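Take a look at the letters that make up each chain.
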Amino acid sequence: METTVAKKIVIKTENIAKTYHESKIPVQALKDVDLEIEEGEFTAIVGPSGSGKTTLLNIIGGLDKPSKGKIIIGDTDISNLKESQLIDFRLHHIGFVFQQYNLIPVLTAKENVEFIMLLQKKSEKEMEERAMKLLKEVGLEDKAKVRPSELSGGQQQRVAVIRALASRPKFILADEPTANLDSASAGNLLDMMARMNREENMTFIFSTHDQRVIDKARRVVTLEDGMIKYDEVR
Amino acid sequence: MLIKIAWRNVWRNKGRSLVVIGSIVVGIWALLFMLGFMNGFTVSYINGAIEHEISHIQIHHPKFKQDYDIAYSIPNGLSLKEALSSDPKVAAISPRSFANGMISSTRKANGVRIYGIIPELEKHVTHHDSLLTAGTYFESKQRNPVIIGNELAEELKVDINSKIVLTFQDEDNNLVAGAFRIAGLIETSSPSINKFTAYVKMEDFNRIAGIGQNIHEIALFLSSPNDEAPLMDKLKKEHPDLLIESWRTIAPELELFLSMTDSFLWVLFGIIMIALIFGIINTMLMAVLERYRELGMLMAIGMNKWRVYMMIVIETVFLSLVGGPLGIIIGLATMNWLGIHGIDLSAYSEGLKAYGYDSILYPSIENNIYIFVTIGVIITALIGALYPAYKAIQLNPTKALHTV
Ligand SMILES: Nc1ncnc2c1ncn2[C@@H]1O[C@H](COP(=O)(O)OP(=O)(O)OP(=O)(O)O)[C@@H](O)[C@H]1O
Ligand SMILES: [Mg+2]
């Protein structure tokens, strides 16, 4: 008989909707999205352009507020947090990897990896050890002292991923992390993320258009017109 | 780390930072130069007046200055002079007898202020022996020598050794006259000395006037300008029956000039600082806009507004901290060099001389001005940083990240 250990739910959205009122015609970017993400997931959010992927990730990440509904992260309802509390919440609980402009250009790769830990006021020693360990794991230890402009796009994204990892967030959100990479680098980045997902038991949620990237996900949530159309676990 | 990032950000756009640093340097340099120039102007003007005309302190009979009546001499003037000359604060002292009168040559006559002086004492007070354009300072053995200003000589069409006659009223309002021979001509920065003054020996003057040992004026030249106030207090207390005045009251226009220069310099200071503020705001706003996405990313990953704000402020202060001291060092070096070599204004000196200036100007700045300017620049930078930093924290991270 199979015993299933109840997995911890890290993200739970309840009926969230988002309407943008910036133009004359309001745009309904999300409609009643209910989503639960468990610890350790490696999930892709897919869907055509304009389907609401970025909007959903921004709301889950506390960068944007829903027009309606609740987002519970761990046991905090972040829909009720004030802006300054949200910044702090993001700092301590959520990792981000963006499509580009992830790194601080004037800092070296290692300093970039240490940056969030620094904002979290971790000790010098802990930052140093963790940054070097992670750089080594992704094969960038010899680039530790190099600035982002001297790294390839793929290397920059890897640094961005381990920067997010280093701060030990509850999960990492990545909005089209491979969109600016060639397919080989995109594959490498995804493999690396998958490895971190296993080794560090880090939950990843990423959006993408790239079929080869989608193939590496263990769960694929498909959005269309701001609604979840399919949700398949492989 | 914030400091490290801010410092490196300063050097991120080297060209732009150098332009700002350069403008801070030039601004401060120009400010210091103007301050030094104006200050040098003022100091040289005032010192010129003190050293060659007014001296620091003058003593008269309280009624003497009402109409310069020869009868109002200083009681026991010469013994008072003796007593004062032993005061260590007094570097030089000159007793003078005085009358308003006429000077006439064979060609022309002119109004003139006639001073009877003791040359050996007078030359250490007004230093006219250094301003001779012809002749000597009462050194020849001639009888009745007189020294007049070069412009007066021109007016009278006289030269060295020419004979002139001085006419004035004695104590009983009788006209008395004496024939004098021109021993020397002087050229000072004071038009009134150059055009309307004659110096003769006191013994000659007093003999003709028939006033014995009476004197009308005692001029004191002090060892240090700082001694002026204490000595004035002391003299006023000890001699309540005499009129004791410092150069500030004798020539109130000098004091006015001093305070006008002062306010002018404040205005200049303000203008340069305001120009700097706008330069800094402009640059830092550009730096913020250029880094919009990066700042958005920083706020997205959890850098709070206070830190973002401080990062921009620190960055701005760094800019000014690089430019400020550099400007001050260059300014200091310029001032030191010019303080020694002076600026030769002789090309314009005809015009300047009419206002009493020397033709070589030695710019100078008081030390506290440097500290002042440094603090001014830092405050300016801080003010200049406020708006760009405020702009930075107003941004919305999601929008900033998606602006392309
Ligand atoms: N700030 C905004 N103001 C107004 N409308 C917006 C805004 N952001 C997104 N939208 C609209 O909301 C809808 C969903 O946008 P979203 O960016 O979430 O789509 P997406 O799935 O991420 O698309 P893509 O694949 O192109 O990145 C779109 O119609 C978009 O035009
Ligand atoms: Mg998107």
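Residues numbered from 1 in each chain as written. Chains lettered and ligands numbered in written order. Predicted model: local features only at pLDDT ≥ 70, side-chain atom pairs only at ≥ 80, totals over all residues. Heavy atoms only, no water.

### A short note on the pattern of salt bridges
Side chains that carry opposite charge are capable of pairing whenever their charged atoms lie near each other.
Step number 1: Taken as a whole, this structure holds 34 salt bridges over all chains when the rule is applied.
Step number 2: The partner of K110(A) in a salt bridge is E114(A), and the shortest N-O contact between them spans 3.3 Å. Pair noted here: K110(A) and E114(A) are both in helix α3 (residues 109–119), with a separation of 4 residues, about one helical turn. With respect to class, K110(A) is no different from E114(A); both count as buried.
Step number 3: A salt bridge links R248(B) to E255(B); the shortest N-O distance between them is 3.0 Å.
Step number 4: Judged by relative accessible area, which is 33%, R248(B) ranks as partly exposed. (Salt bridge = Lys/Arg side-chain N within 4 Å of Asp/Glu carboxyl O. Helix = DSSP H or I, 4+ residues; strand = E, 2+ residues; numbered from the N terminus. Buried < 20%, exposed > 50% of the residue type's maximum accessible area, 1.4 Å probe, protein only.)

### Observations concerning the confidence of the model for chain B
Step number 1: Residues of chain B with pLDDT of at least 70 account for 96%, and the chain-wide mean is 88.
Step number 2: Confidence metrics for the complex model read pTM 0.76 and ipTM 0.91. (pLDDT = per-residue confidence, 0-100.)

### Quick look at the packing of aromatic side chains
All names here are of chain B.
Step number 1: For the coordinates displayed, the defined rule picks out 20 aromatic pairs over all chains.
Step number 2: Pairing F33 with F37 gives two aromatic rings, centres 5.9 Å apart and planes at 25°, and the pair type is stacked. Here the residue F33 and the residue F37 both occupy positions in helix α2 (residues 14–54), the gap between them amounting to 4 residues, near one helical turn.
Step number 3: Using a relative accessible area of 22% as the deciding quantity, one classes F33 as partly exposed.
Step number 4: Ring geometry for W266 against F269: centres 5.9 Å apart, planes inclined by 80°, an arrangement best described as edge-to-face. One end of the pair is W266 and the other is F269, both in helix α11 (residues 252–290) and 3 residues apart, which spans about a single turn. (Phe/Tyr/Trp six-rings, centres within 6.5 Å; stacked < 30°, edge-to-face > 60°.)

### What to know about the packing of helix α12 (residues 292–300) of chain B against helix α13 (residues 305–341) of chain B
To characterise two packed helices, one gives the angle between the axes of the helices and the distance between these axes.
Residue and element names in this part refer to chain B.
Step number 1: Here α12 crosses α13 at 145°, and the two axes come no closer than 10 Å. Viewed along their axes, α12 and α13 form a crossing whose handedness is right-handed. Together, L295, L298 and M299 of α12 and K305, V308 and M311 of α13 make up the contact between the two elements.
Step number 2: In the contact of α12 with α13, the residues fall into 5 nonpolar, no polar and 1 charged. (Axes fitted to C-alpha atoms, helices over the stretch in contact; angles between N-to-C directions. Left-handed = near helix turned anticlockwise from the far one by under 90°. Contact = heavy atoms within 4.5 Å. Nonpolar A, V, L, I, M, F, W, Y, C, P; charged D, E, K, R; others polar.)

### Thoughts on the domain arrangement of chain B
Step number 1: Each domain of chain B was delimited in the assignment, giving domain 1 (2–50 + 255–401) and domain 2 (62–241).
Step number 2: One C-alpha centre belongs to domain 1 of chain B, the other to domain 2 of chain B, and the line joining them spans 50 Å. (Domains from an automatic or database assignment.)

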